[in-house]
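Listed here are the chains, written in short residue letters.
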Amino acid sequence: LDFRKMAELNPAVEIHELDKDMVKFTVKNIDLATANTLRRVMIAEVPTLAIEFVTVDINTTVLHDQFLAHRLGLIPLNSREVERFNYPRDCDCPGGCEKCQIKYSLHVKNTSEDVRDVTTKDLQPEGNNGVWPVHTSEDNAILIVRLGKNQELKLSAIAIKGIGKEHAKWIPVAVATFQIDPIIR
């Protein structure tokens, strides 16, 4: 990458939309390699929090433990305070502490005749750590599993800090694309 050549292009960033969950922007006057580098860095190098460890105590649902653990790992967590946490490999604690992990618990039993949805609203963080599953509204929680009559799910989970190149659950962006706008003269 030749930074002198890039400076001659006079790169510019124009922000079209910016809110708490999304940014839409245009980068002008850069080469394709630089645009792709920005996209790849957003996908692979931005730290986020995700559930890494799940201990299932009771599971009488139709989904097996590994499937539930995978679903929990892909639930987006609010990572606004990710910088406050250490990567587990960089933490001085012997087996996990409040500086490198967030603990969650979930215990739901369906005693009614109706099907009961277990959602991210049922996933409770232990303590006041400021990290919770992302909900866009009260009615828009993410479905984990459905419970039939007398089915029960009890588990604990631990979320840690990571980056997208380690596993897809730490990818912080849903869509990171770029396109070439042709210059018509």
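Residues numbered from 1 in each chain as written. Predicted model: local features only at pLDDT ≥ 70, side-chain atom pairs only at ≥ 80, totals over all residues. Heavy atoms only, no water.

### Focus: the overall build of the protein chain
Next, step 1: The number of helices and strands found in the protein chain is three helices and eight strands.
Next, step 2: Projected onto its principal axes, the C-alpha positions of the protein chain cover 70 × 45 × 25 Å.
Next, step 3: Looking at the protein chain as a whole, 29% of its 185 residues qualify as buried.
Next, step 4: Surface accessibility of the protein chain: about 12400 Å² in total, with carbon and sulfur atoms responsible for 52%.
Next, step 5: Averaging the locations of the 23 positively and 26 negatively charged side chains of the protein chain gives two centres separated by 3 Å. (Helix = DSSP H or I, 4+ residues; strand = E, 2+ residues; numbered from the N terminus. Buried < 20%, exposed > 50% of the residue type's maximum accessible area, 1.4 Å probe, protein only. Areas by Shrake-Rupley, 256 points an atom, 1.4 Å probe, with all protein chains shown as cover. Lys, Arg positive; Asp, Glu negative; His and termini not counted. Charge placed at Lys NZ, Arg CZ, Asp CG, Glu CD.)

### Digging into the packing of aromatic side chains
Next, step 1: Applying the stated criterion across every chain yields a total of zero aromatic pairs.
Next, step 2: Residue placement shows R89 over the ring face of Y87; its charged tip is 4.5 Å from the ring centre.
Next, step 3: Of note, K169 hangs over the ring of W170, and the distance from its end group to the ring centre comes to 5.2 Å. (Phe/Tyr/Trp six-rings, centres within 6.5 Å; stacked < 30°, edge-to-face > 60°. Lys NZ or Arg CZ within 6 Å of the ring centre and 35° of its normal.)

### Some remarks on the pairing of strand β4 (residues 102-109)
Next, step 1: Side chains I102, Y104, L106 and V108 project from β4 onto a buried face, and the interleaved K103, S105, H107 and K109 project onto a face without burial.
Next, step 2: Sheet topology note: the β4/strand β8 (residues 152-162) ladder contains eight bridges and is antiparallel. Residue pairing for β8: H107 is matched across the bridge by K154.
Next, step 3: Pairing of β4 with strand β6 (residues 124-125), which is carried by two bridges, proceeds in the antiparallel orientation. The residue of β6 that forms the bridge with Y104 is P125. (Pairing = 2+ DSSP bridges.)

### Comments concerning the side chain of N78
Next, step 1: Note on placement: N78 falls in the loop between α3 (65-73) and β4.
Next, step 2: Polar contacts involving the side chain of N78 include one to the main-chain amide nitrogen of R80, which spans 3.0 Å.
Next, step 3: Apart from residues lying up to four places away in sequence, N78 is in contact with L49, V131, W132 and V134. (Polar contact = N/O pair within 3.5 Å; in protein donor to acceptor, adjacent residues only side chain to side chain. Contact = heavy atoms within 4.5 Å.)

### Notes on the sheet that holds β4
Next, step 1: Read from one edge of the open sheet, four strands run β3-β8-β4-β6, paired in antiparallel fashion. Strands with a single pairing partner mark the edges of an open sheet, and in this sheet they are β3 (48-59) and β6.
Next, step 2: Across the sheet, α3 lies against β3 and β8, angled at about 155° from β3, the strand it touches most. (Axes fitted to C-alpha atoms, helices over the stretch in contact; angles between N-to-C directions.)

### Some words on the confidence of the model for the protein chain
Next, step 1: Averaged over every residue, the pLDDT of the protein chain is 88; the share at 70 or more is 94%.
Next, step 2: Mean pLDDT values for the elements of the protein chain range from 71 in helix α1 (residues 3-9) up to 97 in β8. (pLDDT = per-residue confidence, 0-100.)

### What to know about the pattern of salt bridges
Next, step 1: Under the defined criterion, the tally for this structure stands at eight salt bridges.
Next, step 2: With its nearest N and O atoms 3.1 Å apart, the salt bridge here joins D122 to R116.
Next, step 3: With relative accessibility at 29%, the residue R116 sits in the partly exposed group. (Salt bridge = Lys/Arg side-chain N within 4 Å of Asp/Glu carboxyl O.)

### What about the nonpolar core?
Next, step 1: Residues Y104, L106 and I144 are the most contacted members of the largest nonpolar core, which totals 22 residues.
Next, step 2: Those residues in contact with L106, other than ones at most four positions away along the chain, are V118, D122, L123, I144, L153, K154 and L155. (Core = buried A, V, L, I, M, F, W, Y, C linked by side-chain atoms within 4.5 Å.)

### Looking at the environment of V131
Next, step 1: In this fold, V131 is placed in the loop between β6 and β7 (143-147).
Next, step 2: For V131, a relative accessible area of 1% puts it in the buried group.
Next, step 3: In sequence terms V131 and L49 are 82 residues apart; their C-alpha atoms lie 8.5 Å from each other.
Next, step 4: Beyond its immediate sequence surroundings of up to four residues, V131 is in contact with L49, L77, N78, F85, I102, Y104 and P125.

### So, unusual backbone geometry
Next, step 1: Not every positive phi belongs to a glycine, and N29 is a case in point at roughly 65°.
Next, step 2: Take N29: it is sitting in the loop between β2 (23-28) and α2 (32-44).
Next, step 3: With a phi close to 65°, N150 is a non-glycine residue in the positive phi region.
Next, step 4: Position of N150 among the secondary structure elements: in the loop between β7 and β8.
Next, step 5: Taking relative accessible area as the criterion, N150 reaches 49% and is therefore assigned partly exposed.

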